[in-house]
Amino acid sequence: MRLRPRLRGRQELWLGLLGILLAFGVCEAVSRAGLVRRSYLPPASEVVARAVELAGDSVFLDGIGVTLRAWALGLLLACAIAVPLGLLLGSVPLVGEAARAIVELLRPLPSVALIPLVSLLLGSGTEAEVALITYASVWPILFNTVYGLGETDPLAKDTLRAFGFGRLTVLLRAELPATAPFIAAGIRISAAVALILAVATEILSGFGEGLGIFIAQAGLATDGTRDVLAGVVWAGALGLVINGALVWGEQRLFPWTPEHRETAGRGMSR
(Lines give C-alpha, C1' and ligand atoms only; values in the text may rest on other atoms or scores of the structure.)
Protein backbone atom coordinates (compact mmCIF):
# COMPACT_ATOMS: atom_id res chain seq x y z
CA MET A 1 0.00 0.00 0.00
CA ARG A 2 2.89 2.38 0.67
CA LEU A 3 4.20 1.98 -2.88
CA ARG A 4 1.12 3.53 -4.44
CA PRO A 5 1.63 7.11 -3.18
CA ARG A 6 5.30 6.86 -4.06
CA LEU A 7 4.59 5.69 -7.60
CA ARG A 8 1.89 8.30 -8.00
CA GLY A 9 4.28 11.05 -6.89
CA ARG A 10 6.86 9.93 -9.43
CA GLN A 11 4.18 9.71 -12.10
CA GLU A 12 3.04 13.29 -11.41
CA LEU A 13 6.64 14.50 -11.59
CA TRP A 14 7.31 12.80 -14.90
CA LEU A 15 4.01 13.97 -16.35
CA GLY A 16 4.82 17.55 -15.33
CA LEU A 17 8.25 17.34 -16.97
CA LEU A 18 6.68 15.79 -20.06
CA GLY A 19 4.20 18.66 -20.28
CA ILE A 20 7.03 21.21 -20.09
CA LEU A 21 9.01 19.41 -22.78
CA LEU A 22 5.98 19.16 -25.06
CA ALA A 23 5.20 22.88 -24.70
CA PHE A 24 8.87 23.69 -25.33
CA GLY A 25 8.97 21.44 -28.40
CA VAL A 26 5.75 22.84 -29.88
CA CYS A 27 6.87 26.46 -29.48
CA GLU A 28 10.29 25.63 -30.92
CA ALA A 29 8.84 23.75 -33.91
CA VAL A 30 6.22 26.39 -34.71
CA SER A 31 8.80 29.17 -34.66
CA ARG A 32 11.50 27.28 -36.57
CA ALA A 33 9.01 26.14 -39.23
CA GLY A 34 7.99 29.71 -39.93
CA LEU A 35 4.34 29.17 -39.08
CA VAL A 36 4.56 32.27 -36.88
CA ARG A 37 6.89 35.20 -37.38
CA ARG A 38 9.84 35.17 -35.02
CA SER A 39 9.07 38.74 -34.05
CA TYR A 40 5.81 37.39 -32.55
CA LEU A 41 7.06 34.03 -31.24
CA PRO A 42 10.83 33.52 -30.99
CA PRO A 43 12.12 29.94 -30.69
CA ALA A 44 11.76 28.60 -27.16
CA SER A 45 15.49 27.83 -27.02
CA GLU A 46 16.31 31.50 -27.61
CA VAL A 47 13.83 32.60 -24.94
CA VAL A 48 15.31 30.19 -22.38
CA ALA A 49 18.84 31.26 -23.32
CA ARG A 50 17.88 34.88 -22.81
CA ALA A 51 16.28 34.08 -19.45
CA VAL A 52 19.52 32.38 -18.36
CA GLU A 53 21.52 35.35 -19.63
CA LEU A 54 19.42 37.71 -17.51
CA ALA A 55 20.58 35.84 -14.39
CA GLY A 56 23.93 37.59 -14.84
CA ASP A 57 22.43 41.06 -15.27
CA SER A 58 22.72 42.94 -11.96
CA VAL A 59 20.19 45.58 -13.00
CA PHE A 60 17.62 42.91 -13.84
CA LEU A 61 18.27 41.09 -10.57
CA ASP A 62 17.81 44.35 -8.67
CA GLY A 63 14.41 44.68 -10.36
CA ILE A 64 13.55 41.14 -9.26
CA GLY A 65 14.46 42.15 -5.73
CA VAL A 66 12.14 45.17 -5.90
CA THR A 67 9.24 43.00 -7.06
CA LEU A 68 9.87 40.38 -4.39
CA ARG A 69 10.12 43.04 -1.69
CA ALA A 70 6.72 44.48 -2.65
CA TRP A 71 5.32 40.93 -2.85
CA ALA A 72 6.60 40.05 0.63
CA LEU A 73 5.40 43.28 2.24
CA GLY A 74 1.94 42.97 0.72
CA LEU A 75 1.63 39.33 1.73
CA LEU A 76 2.77 40.01 5.30
CA LEU A 77 0.29 42.86 5.66
CA ALA A 78 -2.47 40.65 4.27
CA CYS A 79 -1.67 37.96 6.85
CA ALA A 80 -1.60 40.53 9.66
CA ILE A 81 -5.05 41.77 8.62
CA ALA A 82 -6.81 38.61 7.43
CA VAL A 83 -5.89 36.13 10.18
CA PRO A 84 -7.11 38.18 13.19
CA LEU A 85 -10.13 39.40 11.23
CA GLY A 86 -10.98 35.87 10.12
CA LEU A 87 -10.70 34.59 13.68
CA LEU A 88 -13.02 37.36 14.84
CA LEU A 89 -15.61 36.82 12.10
CA GLY A 90 -15.50 33.05 12.47
CA SER A 91 -15.60 32.85 16.25
CA VAL A 92 -18.19 35.56 16.90
CA PRO A 93 -21.27 34.79 14.76
CA LEU A 94 -22.88 38.16 15.44
CA VAL A 95 -19.87 40.05 14.11
CA GLY A 96 -19.66 37.70 11.13
CA GLU A 97 -23.27 38.32 10.17
CA ALA A 98 -22.88 42.09 10.59
CA ALA A 99 -19.79 42.20 8.39
CA ARG A 100 -21.06 39.82 5.70
CA ALA A 101 -22.63 42.56 3.55
CA ILE A 102 -19.44 44.63 3.54
CA VAL A 103 -17.27 41.60 2.75
CA GLU A 104 -19.52 40.48 -0.10
CA LEU A 105 -19.48 44.02 -1.50
CA LEU A 106 -15.69 44.39 -1.49
CA ARG A 107 -14.65 40.85 -2.41
CA PRO A 108 -15.78 40.88 -6.07
CA LEU A 109 -13.94 44.13 -6.83
CA PRO A 110 -10.94 43.25 -9.05
CA SER A 111 -7.69 44.62 -7.70
CA VAL A 112 -6.49 45.70 -11.14
CA ALA A 113 -9.53 47.97 -11.46
CA LEU A 114 -8.40 49.80 -8.34
CA ILE A 115 -4.99 50.71 -9.77
CA PRO A 116 -6.08 54.20 -11.01
CA LEU A 117 -7.69 55.05 -7.67
CA VAL A 118 -4.78 53.77 -5.58
CA SER A 119 -2.27 55.51 -7.85
CA LEU A 120 -4.19 58.77 -7.42
CA LEU A 121 -4.16 58.45 -3.63
CA LEU A 122 -0.72 56.93 -3.04
CA GLY A 123 1.17 57.67 -6.23
CA SER A 124 2.71 54.99 -8.44
CA GLY A 125 5.50 53.82 -6.16
CA THR A 126 5.97 50.89 -3.85
CA GLU A 127 3.23 52.10 -1.49
CA ALA A 128 0.53 51.75 -4.16
CA GLU A 129 1.85 48.36 -5.25
CA VAL A 130 1.91 47.04 -1.68
CA ALA A 131 -1.60 48.36 -1.04
CA LEU A 132 -3.00 46.57 -4.10
CA ILE A 133 -1.17 43.34 -3.25
CA THR A 134 -2.49 43.49 0.31
CA TYR A 135 -6.07 44.03 -0.85
CA ALA A 136 -5.97 41.10 -3.29
CA SER A 137 -4.18 38.76 -0.88
CA VAL A 138 -6.50 39.33 2.08
CA TRP A 139 -9.48 37.39 0.71
CA PRO A 140 -8.09 33.84 0.34
CA ILE A 141 -6.53 34.00 3.80
CA LEU A 142 -9.66 35.53 5.35
CA PHE A 143 -12.11 33.00 3.94
CA ASN A 144 -9.83 30.05 4.65
CA THR A 145 -9.52 31.21 8.26
CA VAL A 146 -13.29 31.49 8.67
CA TYR A 147 -13.83 28.12 7.00
CA GLY A 148 -11.16 26.48 9.16
CA LEU A 149 -12.85 27.69 12.33
CA GLY A 150 -16.08 26.13 11.14
CA GLU A 151 -14.30 22.79 10.68
CA THR A 152 -12.90 22.66 14.22
CA ASP A 153 -13.84 19.51 16.10
CA PRO A 154 -16.77 20.44 18.43
CA LEU A 155 -15.73 17.74 20.89
CA ALA A 156 -12.38 19.43 21.48
CA LYS A 157 -14.06 22.75 22.18
CA ASP A 158 -16.70 21.22 24.44
CA THR A 159 -14.02 19.36 26.40
CA LEU A 160 -12.13 22.56 27.14
CA ARG A 161 -15.33 24.34 28.13
CA ALA A 162 -16.25 21.44 30.44
CA PHE A 163 -12.98 21.97 32.29
CA GLY A 164 -13.83 25.62 32.80
CA PHE A 165 -11.63 27.22 30.16
CA GLY A 166 -12.80 30.53 28.71
CA ARG A 167 -13.47 31.61 25.15
CA LEU A 168 -9.94 32.88 24.52
CA THR A 169 -8.36 29.66 25.75
CA VAL A 170 -10.64 27.58 23.53
CA LEU A 171 -9.66 29.74 20.59
CA LEU A 172 -5.93 29.46 21.25
CA ARG A 173 -5.80 25.77 22.25
CA ALA A 174 -8.41 24.18 20.01
CA GLU A 175 -9.62 26.41 17.21
CA LEU A 176 -6.38 28.10 16.16
CA PRO A 177 -4.32 24.87 15.87
CA ALA A 178 -7.14 23.24 13.89
CA THR A 179 -7.41 26.28 11.62
CA ALA A 180 -3.67 26.63 11.02
CA PRO A 181 -3.55 24.26 7.98
CA PHE A 182 -6.41 26.19 6.37
CA ILE A 183 -4.60 29.47 7.02
CA ALA A 184 -1.44 28.04 5.46
CA ALA A 185 -3.39 26.98 2.38
CA GLY A 186 -4.86 30.47 2.12
CA ILE A 187 -1.39 32.00 2.37
CA ARG A 188 -0.19 29.71 -0.43
CA ILE A 189 -3.05 30.84 -2.67
CA SER A 190 -2.49 34.47 -1.75
CA ALA A 191 1.23 34.18 -2.49
CA ALA A 192 0.46 33.36 -6.12
CA VAL A 193 -2.14 36.14 -6.32
CA ALA A 194 0.32 38.61 -4.80
CA LEU A 195 3.07 37.76 -7.29
CA ILE A 196 0.70 38.08 -10.25
CA LEU A 197 -0.56 41.44 -9.02
CA ALA A 198 2.95 42.73 -8.27
CA VAL A 199 4.06 42.08 -11.84
CA ALA A 200 0.77 43.31 -13.33
CA THR A 201 0.88 46.56 -11.34
CA GLU A 202 4.42 47.24 -12.49
CA ILE A 203 3.49 46.53 -16.11
CA LEU A 204 0.56 48.94 -15.99
CA SER A 205 2.54 51.66 -14.22
CA GLY A 206 5.25 51.52 -16.90
CA PHE A 207 8.08 53.17 -14.99
CA GLY A 208 10.28 52.54 -11.98
CA GLU A 209 11.92 49.22 -11.13
CA GLY A 210 10.75 45.62 -11.03
CA LEU A 211 10.15 42.56 -13.16
CA GLY A 212 6.92 44.01 -14.54
CA ILE A 213 8.78 47.20 -15.53
CA PHE A 214 11.31 45.10 -17.44
CA ILE A 215 8.51 43.31 -19.30
CA ALA A 216 6.67 46.56 -20.05
CA GLN A 217 9.77 48.30 -21.39
CA ALA A 218 10.75 45.25 -23.45
CA GLY A 219 7.28 45.25 -24.98
CA LEU A 220 7.87 48.78 -26.28
CA ALA A 221 11.16 47.85 -27.96
CA THR A 222 11.33 47.02 -31.67
CA ASP A 223 12.39 43.39 -31.19
CA GLY A 224 11.50 43.00 -27.56
CA THR A 225 9.33 39.88 -27.75
CA ARG A 226 12.20 37.63 -26.68
CA ASP A 227 12.85 39.77 -23.61
CA VAL A 228 9.13 39.88 -22.80
CA LEU A 229 8.90 36.10 -22.91
CA ALA A 230 12.15 35.74 -20.94
CA GLY A 231 10.64 37.97 -18.25
CA VAL A 232 7.51 35.81 -18.25
CA VAL A 233 9.70 32.72 -17.81
CA TRP A 234 11.28 34.37 -14.77
CA ALA A 235 7.87 35.23 -13.36
CA GLY A 236 6.70 31.63 -13.81
CA ALA A 237 9.90 30.27 -12.26
CA LEU A 238 9.51 32.56 -9.24
CA GLY A 239 5.91 31.43 -8.80
CA LEU A 240 6.95 27.79 -9.03
CA VAL A 241 9.72 28.21 -6.46
CA ILE A 242 7.48 30.13 -4.05
CA ASN A 243 4.67 27.59 -4.31
CA GLY A 244 7.08 24.68 -3.89
CA ALA A 245 8.60 26.27 -0.78
CA LEU A 246 5.19 26.88 0.77
CA VAL A 247 4.00 23.34 -0.01
CA TRP A 248 7.18 21.97 1.56
CA GLY A 249 6.56 24.10 4.64
CA GLU A 250 2.98 22.87 4.93
CA GLN A 251 4.11 19.25 4.72
CA ARG A 252 6.60 19.78 7.53
CA LEU A 253 4.33 21.84 9.78
CA PHE A 254 1.06 19.93 9.26
CA PRO A 255 1.90 16.31 8.39
CA TRP A 256 -1.35 15.06 9.95
CA THR A 257 -3.62 16.71 7.37
CA PRO A 258 -5.21 14.31 4.84
CA GLU A 259 -3.52 15.86 1.80
CA HIS A 260 -0.08 15.46 3.42
CA ARG A 261 -0.47 12.02 5.00
CA GLU A 262 0.39 10.25 1.75
CA THR A 263 3.50 12.42 1.32
CA ALA A 264 4.61 11.61 4.87
CA GLY A 265 3.96 7.92 4.27
CA ARG A 266 5.98 8.11 1.08
CA GLY A 267 8.91 9.58 2.97
CA MET A 268 8.71 6.91 5.71
CA SER A 269 8.67 4.08 3.19
CA ARG A 270 12.00 5.12 1.69
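Structural data are supplied above this passage.
Residues numbered from 1 in each chain as written. Predicted model: local features only at pLDDT ≥ 70, side-chain atom pairs only at ≥ 80, totals over all residues. Heavy atoms only, no water.

1. Here we look at the environment of Ile 242
Phase 1 of the analysis: The residue Ile 242 is located in helix 10 (residues 225–253) in this model.
Phase 2 of the analysis: By relative accessible area, Ile 242 is classed as buried at 15%.
Phase 3 of the analysis: Expressed as a C-alpha distance, the spacing of Ile 242 and Thr 179, which sit 63 residues apart in the sequence, is 22 Å.
Phase 4 of the analysis: The contacts of Ile 242, once residues within four sequence positions are left out, are Leu 68, Trp 71, Ala 191 and Leu 195. (Helix = DSSP H or I, 4+ residues; strand = E, 2+ residues; numbered from the N terminus. Buried < 20%, exposed > 50% of the residue type's maximum accessible area, 1.4 Å probe, protein only. Contact = heavy atoms within 4.5 Å.)

2. Looking at the packing of helix 3 (residues 58–91) against helix 4 (residues 93–106)
For any two helices packed against each other, one specifies the crossing angle of their axes together with the interaxial distance.
Phase 1 of the analysis: Viewed as axis vectors pointing N to C, helix 3 and helix 4 meet at an angle of 110°, and their least axial separation amounts to 5 Å. Viewed along their axes, helix 3 and helix 4 adopt a mutual orientation that is roughly perpendicular. Contact with helix 3, carried on its side by Leu 88, Leu 89 and Ser 91, involves Pro 93, Val 95, Gly 96 and Ala 99 of helix 4 and no other residues of that element.
Phase 2 of the analysis: Grouping the amino acids of the contact of helix 3 with helix 4 by side-chain chemistry returns five nonpolar, two polar and no charged. (Axes fitted to C-alpha atoms, helices over the stretch in contact; angles between N-to-C directions. Parallel < 35°, antiparallel > 145°, perpendicular 65-115°, else oblique. Nonpolar A, V, L, I, M, F, W, Y, C, P; charged D, E, K, R; others polar.)

3. Observations regarding the packing of helix 3 against helix 10
Phase 1 of the analysis: Orientation of helix 3 relative to helix 10, taken along the N-to-C sense of each, is 45°, at an axis distance of 13 Å. If you check the angle between helix 3 and helix 10, you find them oblique. Note on packing geometry: the crossing formed by helix 3 with helix 10 is right-handed. The segment helix 3 lies against helix 10, with Phe 60, Leu 61, Ile 64, Leu 68 and Trp 71 engaging Trp 234, Leu 238 and Ile 242.
Phase 2 of the analysis: The residue inventory of the contact of helix 3 with helix 10, partitioned by class, reads eight nonpolar, no polar and no charged. (Left-handed = near helix turned anticlockwise from the far one by under 90°.)

In short, the description is geometric, and any link to function would need to be established separately.
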